[in-house]
Structure formats: C-alpha cells, structure tokens
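Working through the structure, step by step
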Amino acid sequence: MAPRQLARRVIWFGLFVFLAFAAVGSRFWYLEVAHASQYQALARQDYLRKLPIPAPRGNIVTADGVTVATSKPAWTLYYLNQGGPMPASEVQDLSRYLGVPASAIAAVIQRGLKTLPAYEPIEITSGLTAAQMTAIEENISHLPNIRIQPVAVRSYPFGSVMGNILGFVSQINAQQYQALKNQGYTMTSIVGAAGLEEEYNQYLHGQSGGEYAEVNRQGQLVRLYGQEVPTPGDTLHLTINWRLEETAQSALQYVMQAMRQTQNPVAHSPDAQRGAVIAMNPQNGDILAMVSLPSYNPNHLLPNDLKERSQYYQSLIHNPLDPLVIWPIQGLFAPGSIFKPLMAVAALASHVVTPSTEIYDPGYFPKLPTMHNWYAPGFGWLNIEQAIGLSDDTFFYTLGYDMGINLMDHWLRAFGMNQLTGIDLPNEVRSLIPTPARYQAETGQPWTWGDNLNTVIGQGISQYTLIALARAEAAIANGGTLYWPHLVSRITTPSGKTVKVFHPVVQGHVPAPAWVFQTVQRGMELSAQDPNIALGVSGTGYGALAGFPIPVASKTGTAQQTGHPNNAFFVTYGPMPHPTLLIVVYVDGGEWGADSGFVARAIYDQYFKVADPKAQAVFDGVFGSQYAWPYGYHTHSSKPASPAAGTPVIPPQG
C-alpha cells in the first residue's frame, strides 16, 4: 500500500475513533451531569416505592360539641404493583384470608392498574379485622407482593343518625382527579361523595403523606425509609344541635310508626314511612336540626370495603323510599295549608283584605260549590286571624279568587320561592311556582280562575322544597327577612385556628309592613293555642300542642295527592312573640298534618327543656294509651328504647 494511501486511512481511522469517543463522552455528560438527577430518580423507582398515607379527614362537630364524623386508624392492605396483575395463586390465597371472592380482589387490582401510575401501590381493602391480619401475617411468605399499613379511615360514630346529611366518602374518580390534581390530590385520594362531606371537601380533605419502602427486583419489601407525615383536614363546626338532631330523627321515626300501627282509624296512616324535619333559627338562618328519613349508615359505604360497600349501595339505590335523597332540599311538594300564611301576607299587604275583614264560610265556596271547606258545616263569619287558626279553606278560596295568579306569583317571588336558597348542601333543587305558562305547558289547558283556588291553599301544580318553605315561614316569624339557611358556623384547623366564619346572610326582604306579619303571627298563635276559635273547634295545631307551657305559633297542612294518601305537614315557631326556633315537619302519606305536630312537640321539649307532663294525654287521644311519651326533657338521651319484639309501636301525638 502506498504511503500516501496508508496515511489517509490512519487519518480517517483516527477521526472515527475521536468521533466515537466524543459521542460516548457527550452521552456520558448528558446522563451523568446534565440529567443526573432525573435518571437517578428513574433508577430509584426500580427499588423505591412511596406507600401513600392518606390524610385524616377533618372532624365534623355539632354546635354542642359532639363529633359526628371523624377518622380512626385502620389496617389497610396494598398490592405492591409490579406493572401487572397479582399472580393468580396469591389472589386465591388472599380470597381465603379475607373471606371475599377472588374476582372482587382481581377487579380492584385491575382497576388500579388502569388508573394509577406504573408501580404505584394499589389499595386492595381497608379496615382489616384481627382475624384477617393474623391469617395474612401467618402466610406472608406466600404473599410477597402485599403490604399492610395503618391509615386513617372515615368513621361516623352515630351511624344513620344524620347519615344522609353528613354524606359519605369515595375514592376519587378520573373526572374529579383531572379537576383537582393541581390542588395536591392523587389518584388514590378519598373525596366527599354526598352531603356535607361533598360540600366542604376542600376543607375536610387535608394533605396526604407517604412512607418510602425499598423493594428488590421481584418487588418484595426489603426495608422502610422515612415518612412524609400527612396533614389532617380542617374541622367543620355545625350550627346543628346534637340533642335536637337526635330527638328530631327519633321522634319522626316514632310518630311514623304510630301512624302505621295505631288502631284509631282517623289517625291510621299505613304508608307513613318517609319524612323530613327542618329546625332552624328564624333570626339568622342557622339550621339547628335536619332529618331526612329513611337515612343510611355511611360507615357501610367506606371506599374499598370489598365485602360490604357495593352490596349496601345497591340496596340503597333500589330502595323505593329513596334513602339517598335528602328530602328537605331535594323533594318537591304541594304543601297544603302550611302555604296559607304566605298567602295571608300577600292578601293583607295588597289590601285585598284587612285584619277586620270578615268572610262568610257556609262550608264551601259559593262561586264554585264543589270546592269544600275541610269542616263541612262551615264556620260562618271569620276574620283572617280566625281563618288561619282554623285553616279555613273557604276564606282562602275567596282570597285566591280576589288576588288572581299574577298577584299571588308576585308575592311568591317576594318570598324567594322561585329561587334556590343556596343552603350549604349539594344538589338542592329549585321550587316550581304555579304560573299560567307552566300550567299550559304541563296540562295543555289554559289557566282558569278555578286554578287560583287550588293555588292559594298550596295544592294544584304547586311544587316547593321544604327548605324554601322553611325560609319563607321564618320570614313571617321574624317580620320579613329572608336569611340564608346554613349548617356550618365556622371552620378551624386541627390546632384550633379559625379558617372561616359564616355570618348571617340576608337574602332579601318581604316588602310588607310590620302589622301584616303581626296579624299572621296572631292567627298562627290561635292555631297552636286556642281550644275554641269558632263553634267549639280548636286551632288545627292545638291537637298536637295542647297544654304546652310555652307560647308558640303553628300551621298544619294536609296535602291531597291523586291516587295516593295525603301528605302531612306541620310548621311551628316559638317562643312568642320573639321566636328563636322554627320547625317544619313532613310525613309522606301521613294523612293528617295535625298528627305530624308531635314531632315538633318532641323537639320543643328538648329545646325549651320542658318535662311536658301534659303531652301523654294529648298523645293518647290520637294514637292510644299503650305507650309513654318519651320526649319530655331529661338529662339523659331523649331516644326512646326499642319496644319488645312483637309489641306494636304507638308513638306520641295529639
């Protein structure tokens, strides 16, 4: 080979070697200098895993200091994800130790593989029992891919009492994660799924932590490193008074049992299985008790409870009584005669009548004799206070005829009945006021003056929520102010630092002079307190409130339903003349509004601390004498003992 050709080859070879070393050096610099931390982190992922430690959710505490939702330690089982499903033999072993189907375990793992980042541990189940833990620990050598770790899980000490108001929690779904991932949430986060848990999730959630574990090439645990300590969520302080809440739920259950089982044919209501109660301070909108029955036990809906959650949830959604519905804010009702006080305000403020105006009741409406009064003989001449106290239909038919739907709708808007209240619970529905346009759309018929008669007594196509009615009735009680109804008074950190305070919010004023509200209040006082308004007939609320030692006001409502039993309503407030407690009671299929008033009397006993010895005789007069009145004020719990097996339950009323 010629020397020149050899020299050229040496030069090209040297250049090749130089470029090769340059490329290797460049890559070495890229990996070890420029991106060293990134690739070190990737390498650590091969042997370091972060086992998530969920933050304890914040407590929920009533105004009188009772913790109704908290977190407690529980043992949680994780699959140390290898990027694929757990070996079938391990799944079968776990199935035996946990006492749940292997298919359920495999489904949880498969869901985690689809939704979680690669190699992130997958929570299989929480709340392991002592027997389950023993079985797993004794056979841990056959379960190299699992890890047991203590975490905080949600706990509701009182089960179904206030259950659907508190709500429940669930594992975050993909849509929620996309909305919340920039706020520190992960794909394993637990979030509120209903009730207060959902409404105030941002405060209750807290910040999760983690524990670092070293695993070998097979993904088996070698040793543990340090922890990131989770930060608990904030505490909700409710306006709810626990004694009133407990009494309201117990009394509603008790009264509905009495309605179903009493031998008195007038009071017998075999369909009385669903109901609701709202107790609020009419002077500021604080909700003091809220009950929706049937309720549910949120302890049975904890996330990843493989054995119970799915079955229990299915039982709730297939229950015809709809326990997942919060009836005070999501039910729409024709309220019957508890609507009359609103129409009395409208008629007085519009000068359709005055306090001294008298209208003659022959037992029916003379312009349309098929529209009867509930009291067939009629009450003769009545003024508006007497008409409210007696719930006289003929008097109010006359008001509806004279006012017309446009004027009535004007006042319904003034009472905010066409607007959401904005209560701090999710999924409140809007009331539907009975406009001619809506009537035409729903029935295909034009509105007539006869429809005014149904509207004024809370029937026809009227559809209102209980919370909207409670806000409106509270405005009558306080002289015209519409307050925002709310259940939370303040939020604090776990250390007690105040995060937020909820002050009373005025949402509007009903533009009527003070004498109008005073006139309607006096009529409602007659309903509650007068044993002989006209012709020897007592106020309609007197049957349940007779002998109660504190002056209160009331109004009953019995709403007819086509093809179904009547619904029972009762509204009351006191003490007069400066009420601080307003109560609305609803019993589906309760037949007579007056009978549901015993629920309110039970709440009054606790609120005013009244022993109430006269309640028994009043109750006996409606439901029979088999059972004692259990709601007079005591220092111990107001909840009555369960009756003996086979014993019919007859509750309080009158």
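It should be noted that the structure appears before, not after, this text.
All of these numbers come straight from a predicted model, not from anything done at the bench.

1. What to know about the overall build of the protein chain
The helix and strand tally for the protein chain stands at 22 helices and 23 strands. Across the 654 residues that make up the protein chain, the buried fraction comes to 54%. Long-range pairs, those at least 24 residues apart, make up 71% of the contacts in the protein chain with a sequence separation of at least 6. Surface summary for the protein chain: the accessible area is close to 27,700 Å², and the carbon and sulfur share equals 55%.

2. A short note on the environment of Thr125
Of note, Thr125 is situated in strand 4 (residues 122–126). Considered as a pair, Thr125 and Thr76 are 49 residues apart in the sequence and their alpha carbons are 5.9 Å apart.

3. Concerning the packing of aromatic side chains
According to the stated counting rule, one finds 30 aromatic pairs in the structure shown. Grouping aromatic residues by their ring pairs yields a cluster made of Tyr254, Phe598, Phe619, Phe623, Trp629 and Tyr631.

4. A few points about the side chain of Gln132
For Gln132, the position within the fold is in helix 5 (residues 130–138). You can call Gln132 buried: its relative accessible area is 16%. Here the side chain of Gln132 touches Leu98 through a polar contact of 2.9 Å, landing on its backbone oxygen. At 2.9 Å, the side chain of Gln132 forms a polar contact with the backbone nitrogen of Thr129. With residues up to four places along the chain from it excluded, the contact list for Gln132 reads Tyr97, Leu98 and Gly127.

5. A short note on the pattern of salt bridges
In this structure the tally under the stated criterion is nine salt bridges. Arg57 is the salt-bridge partner of Glu197, the closest N and O atoms lying 2.9 Å from each other. Linking Glu197 in helix 8 (residues 195–199) with Arg57 in the loop between strand 1 (48–53) and strand 2 (60–61), this pair joins segments that are 140 residues apart in sequence. Each member of the pair, Glu197 as well as Arg57, carries the same accessibility label: buried. Here Lys340 makes a salt bridge to Asp393, at a shortest N to O gap of 2.7 Å. Taken as a pair, Lys340 in helix 13 (residues 340–349) and Asp393 in helix 15 (residues 393–414) lie far apart in primary sequence, 53 residues in all. Accessibility assignment for this pair places Lys340 and Asp393 in one class, buried. Taken together, the shared-partner salt bridges connect Arg57, Arg154 and Glu197 into one network.

6. Re the environment of Val585
Position of Val585 among the secondary structure elements: in strand 23 (residues 581–588). With 257 residues separating them in the primary sequence, Val585 and Pro328 have C-alpha atoms 9.5 Å apart.

7. Concerning the packing of helix 3 (residues 88–98) against helix 4 (residues 102–115)
Packing of helix 3 against helix 4 leaves a shortest axis separation of 8 Å and a crossing angle of 120°. Considering their axes alone, helix 3 and helix 4 lie oblique with respect to each other. Relative to helix 4, the crossing made by helix 3 is right-handed. Between helix 3, through Val91, Gln92, Leu94, Ser95 and Leu98, and helix 4, the contact on the second element is made entirely by Ala102, Ile105 and Ala106. For the contact of helix 3 with helix 4, a count of residues per class yields six nonpolar, two polar and no charged.

8. Looking at the side chain of Arg274
In this structure, Arg274 sits in strand 11 (residues 274–280). You can call Arg274 buried: its relative accessible area is 14%. Of note is the side chain of Arg274, whose polar atom sits 3.5 Å from the backbone oxygen of Leu321. The residues touching Arg274, leaving out its near neighbours within four places in the chain, are Met256, Leu293, Pro294, Pro320, Leu321, Asp322, Trp327, Tyr586, Val587 and Asp588.

9. A few points about unusual backbone geometry
In this structure, Pro575 follows Gly574 across a cis peptide bond, with omega equal to -5°. Locating Pro575 in the fold gives a position in the loop between strand 22 (564–574) and strand 23. Looking along the chain, the bond that leaves Met576 and enters Pro577 is cis, with omega of 10°. With respect to the helices, strands and loops of the structure, Pro577 is situated in the loop between strand 22 and strand 23. Positioned with a positive phi, Asp322 is a non-glycine residue whose angle comes to about 55°. Tracing the sequence through the fold places Asp322 in the loop between helix 11 (309–317) and helix 12 (327–330). A positive phi angle, near 70°, is found at Asn427, a position not held by glycine. Here Asn427 shows up in the loop between helix 15 and helix 16 (436–443).

10. Quick look at the pairing of strand 18 (residues 488–492)
Each regular strand displays side chains that alternate between the two surfaces of the sheet. Across four bridges, the pairing between strand 10 (residues 235–238) and strand 18 is antiparallel. Directly across from Leu236, in strand 18, lies its bridge partner Ile491. Relative to strand 19 (residues 498–501), strand 18 runs antiparallel, the two being bridged by three bridges. Counterpart to Ile491 in the pairing with strand 19 is Lys500. The loop that links strand 18 with its antiparallel partner strand 19 comprises five residues; one of these, Gly496, has a positive phi angle of about 100°.

11. Thoughts on the pairing of strand 5 (residues 146–155)
Among the ten residues in strand 5, eight count as buried, and that is most of the element. As paired elements, strand 3 (residues 67–79) and strand 5 share ten bridges and run antiparallel to each other. Residue pairing for strand 5: Lys72 is matched across the bridge by Val153.

12. Things to note about the sheet that holds strand 12 (residues 287–293)
Sheet architecture is open: five strands sit in the order 12-11-23-22-21, paired in antiparallel fashion. Looking at strand neighbours, the two that pair on one side only are strand 12 and strand 21 (553–561), the edges of this open sheet. Looking at each pair of strands side by side, their axes are set apart by 10° on average, direction ignored. Pairing of strand 11 with strand 23, which is carried by seven bridges, proceeds in the antiparallel orientation. Bridging across to strand 23, Val277 finds its partner in Val585.

Definitions and limits used
Residues numbered from 1 in each chain as written. Predicted model: local features only at pLDDT ≥ 70, side-chain atom pairs only at ≥ 80, totals over all residues. Heavy atoms only, no water. Helix = DSSP H or I, 4+ residues; strand = E, 2+ residues; numbered from the N terminus. Buried < 20%, exposed > 50% of the residue type's maximum accessible area, 1.4 Å probe, protein only. Contact = heavy atoms within 4.5 Å. Areas by Shrake-Rupley, 256 points an atom, 1.4 Å probe, with all protein chains shown as cover. Phe/Tyr/Trp six-rings, centres within 6.5 Å; stacked < 30°, edge-to-face > 60°. Polar contact = N/O pair within 3.5 Å; in protein donor to acceptor, adjacent residues only side chain to side chain. Salt bridge = Lys/Arg side-chain N within 4 Å of Asp/Glu carboxyl O. Axes fitted to C-alpha atoms, helices over the stretch in contact; angles between N-to-C directions. Parallel < 35°, antiparallel > 145°, perpendicular 65-115°, else oblique. Left-handed = near helix turned anticlockwise from the far one by under 90°. Nonpolar A, V, L, I, M, F, W, Y, C, P; charged D, E, K, R; others polar. Pairing = 2+ DSSP bridges.

As far as function goes, none of this settles anything; it's purely spatial.
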